[in-house]
Structures are given as structure tokens and as C-alpha cells.
Amino acid sequence: FFSPLLTTSGTADVRARFTAVALFDDCVEHCGSAAAARYAPHLAEAVVEGMDDTKNEGDEDLKVASIYGVSQIARHAPANVLDSSINVVVAQLTSTIKATEGVAKDDMDDARVVENAVSALASLAIFDNSPYAKSGQRATLLPLFLSNLPLREDPDEAQICHDGLCDLIESGAIDLSANAPTLLNIIGQIRQCVEEGEEIATQETCNRLGAIYGAIPQQVRTPHKGTNAGLNDVSPECVSGIY
């Protein structure tokens, strides 16, 4: 009944499309593997349209629901559901993230959209267990992922991504030495936010981040001869979070 409402071919009502996409998101996420396999192919066509700013009429709710749908397809649906549109989807997510490049999160009007896109991209093609991690794009996408961490808008998505970050580091997909200043910034910010009551990382993830911090080369993470050595690129707030 709701399938025709997913795309412009079935309705011109953008709010009806949003409602239908949100419903299918929930079905894929919460209703089990059989439901995910059944409904994800319908949702796949809808998310491509919903993320397209020429077809979503500027409706942010529809865009966010579509991006969230990508995450759910990546996590719960059969691995081949997005095969025919994977390049388009990755390009859409990347474009959404890069649109605010250089803008601080606190100054973004659409931080929710950007952070959902970061999570979707990671779930689709970056995390070790993502369906397209071996597509050859991960090395190019990793810097974009790291530059947008930590996530704070949606605690559930933040927890997934920060846990996934630990997986990437522990598996060697992210080089500790090469990315030390970036990782120190991320770890410091996450720990500071958690200490202030934000539920953006579980206790287990915080413990893993602590172990990762301990594995960063000593000369990079500790003061040396009265200076901050490798911490030169880490903000004072993040240093406070680390220590």
C-alpha cells in the first residue's frame, strides 16, 4: 500500500514520501531479516531520490530519513541491495558531507544532515563489516570520516560510529602513527562530551578508546622538554579530555 508513496513516480506530495520512507526505514531496521530483504529494495530506490536535492523539494526531513535509510539497508539488508546504485549513493553522501567543509559543527545549520550522512557512509563503505568496504573506495573515504568525528547530534548513531572507529583502528585500517593528532583530538572530544553527560559513546567504547590512546606512540602523546610535542595540533579542550 505504501510502496507507491516512496518516490515521485507515485506521489507529488513530499510529506507523504517522507512518511513512507520513515516507515520503510523502521521496517528494515526493526522487523527482522526477512522484512529487511523484502522492503529494502523498495527503499533503495526511494533513498536515491530523497537525497537528491532536485527531487526532495528542500525537505530536510525527507533527506534525513533517506540518509538514515541507507544506514539501515547497509546494516540489515542483503549485501547486494544497493549494487545498482552504490556509486550514486556514495557520491550523494560524500557531496552532502563536503558541502559544509571548513564550517565548525556549532556553526552548521544542518549538522543533523551531515552527521547522518557520515554515519551512513561509514556503515555502507568504511566499517570493517560494511557491505562495500572492499569496493576500493575506503582509503579515499576514511579521511572524510575522521574529519567529521566525533558525532553528537544522534546519540545512537554516534555510539555506532565511535565503536566502529575503534574497530577500524584495532584492525589496522587506520594507521595510529600517521593519524595520531587527529585521533587524539577525536578521543579527547569524545571523552570530554561523555564526562559532560552526552551519551555519544558507551563505557565499553570509552575503555577501548583509552587503550587506543595508550597505544599511540609515547613521543606523540606526551609532553617533551616543556612542550606538547605531538599534541601541538590538539585543542586545549581535547587535551583536557584526554588527561
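Residues numbered from 1 in each chain as written. Predicted model: local features only at pLDDT ≥ 70, side-chain atom pairs only at ≥ 80, totals over all residues. Heavy atoms only, no water.

**Description of helix H2 (residues 32-51)**
Here H2 spans only 25 Å end to end across 20 residues, well under the 28 Å set by a 1.5 Å rise per residue. Those residues of H2 that sit buried are Ala35, Ala36, Ala40, Leu43, Ala44, Ala46, Val47, Glu49, Gly50 and Met51. Check the buried side of H2 and you find it contacts helix H1 (14-30), helix H3 (60-76) and helix H4 (86-98). (Helix = DSSP H or I, 4+ residues; strand = E, 2+ residues; numbered from the N terminus. Expected span 1.5 Å × (residues − 1). Buried < 20%, exposed > 50% of the residue type's maximum accessible area, 1.4 Å probe, protein only. Contact = heavy atoms within 4.5 Å.)

**Comments concerning the packing of aromatic side chains**
What the rule picks out here adds up to two aromatic pairs. Taken together, a centroid distance of 5.4 Å and an interplanar angle of 85° make the contact between phenylalanine 24 and tyrosine 39 edge-to-face. Note that phenylalanine 24 is positioned in helix H1 and tyrosine 39 in helix H2, a separation of 15 residues in sequence. For the pair phenylalanine 127 and phenylalanine 145, a centre-to-centre distance of 5.7 Å together with 85° between the ring planes defines the contact as edge-to-face. (Phe/Tyr/Trp six-rings, centres within 6.5 Å; stacked < 30°, edge-to-face > 60°.)

**Remarks on the pattern of salt bridges**
A pair can form between side chains of opposite charge whenever their charged atoms are brought close. With the rule as written, the count across this model stands at 13 salt bridges. The salt bridge partner of arginine 208 is aspartate 167, with a shortest N-O separation of 2.6 Å. Of this pair, arginine 208 sits in helix H9 (residues 203-215) while aspartate 167 sits in helix H7 (residues 155-170), and the two are 41 residues apart along the sequence. Bridged by salt links that share partners, the residues Arg15, Asp59, Glu60, Asp61 and Arg112 form one connected network. (Salt bridge = Lys/Arg side-chain N within 4 Å of Asp/Glu carboxyl O.)

**Points about the confidence of the model for the chain**
Summing up the model confidence of the chain, the mean pLDDT is 90 and the portion of residues at 70 or higher is 90%. Note on residues 224-234: pLDDT under 50 across the span, and 19 contacts to partners over four residues away in sequence or across chains. (pLDDT = per-residue confidence, 0-100.)

**Here we look at the nonpolar core**
By size, the foremost hydrophobic cluster in this structure holds 72 residues, and its most contacted members are Leu93, Leu124, Phe145 and Leu165. Setting aside residues no more than four positions away along its own chain, leucine 124 makes contact with Val70, Ala74, Leu82, Ile86, Val89, Val90, Leu93, Ser130, Pro131, Tyr132 and Ala133. (Core = buried A, V, L, I, M, F, W, Y, C linked by side-chain atoms within 4.5 Å.)

**Things to note about helix H8 (residues 180-195)**
In a regular helix each residue adds 1.5 Å, so 16 residues correspond to 22 Å; H8 covers 22 Å between its end C-alpha atoms and thus fits that length. Among the residues of H8, those classed as buried are Ala180, Leu183, Leu184, Asn185, Ile186, Ile187, Gly188, Ile190 and Cys193. Positive backbone phi, approximately 100°, marks glycine 197, located one or two places after H8.

**Remarks on unusual backbone geometry**
The residue after leucine 149, namely proline 150, is reached through a cis peptide bond having omega 0°. Inspection of the secondary structure puts proline 150 in the loop between helix H6 (138-147) and H7. A positive phi angle is found at glutamate 57, which is not glycine, with a value near 55°. Note that glutamate 57 resides in the loop between H2 and H3. For glutamate 57, a relative accessible area of 58% corresponds to the exposed category.

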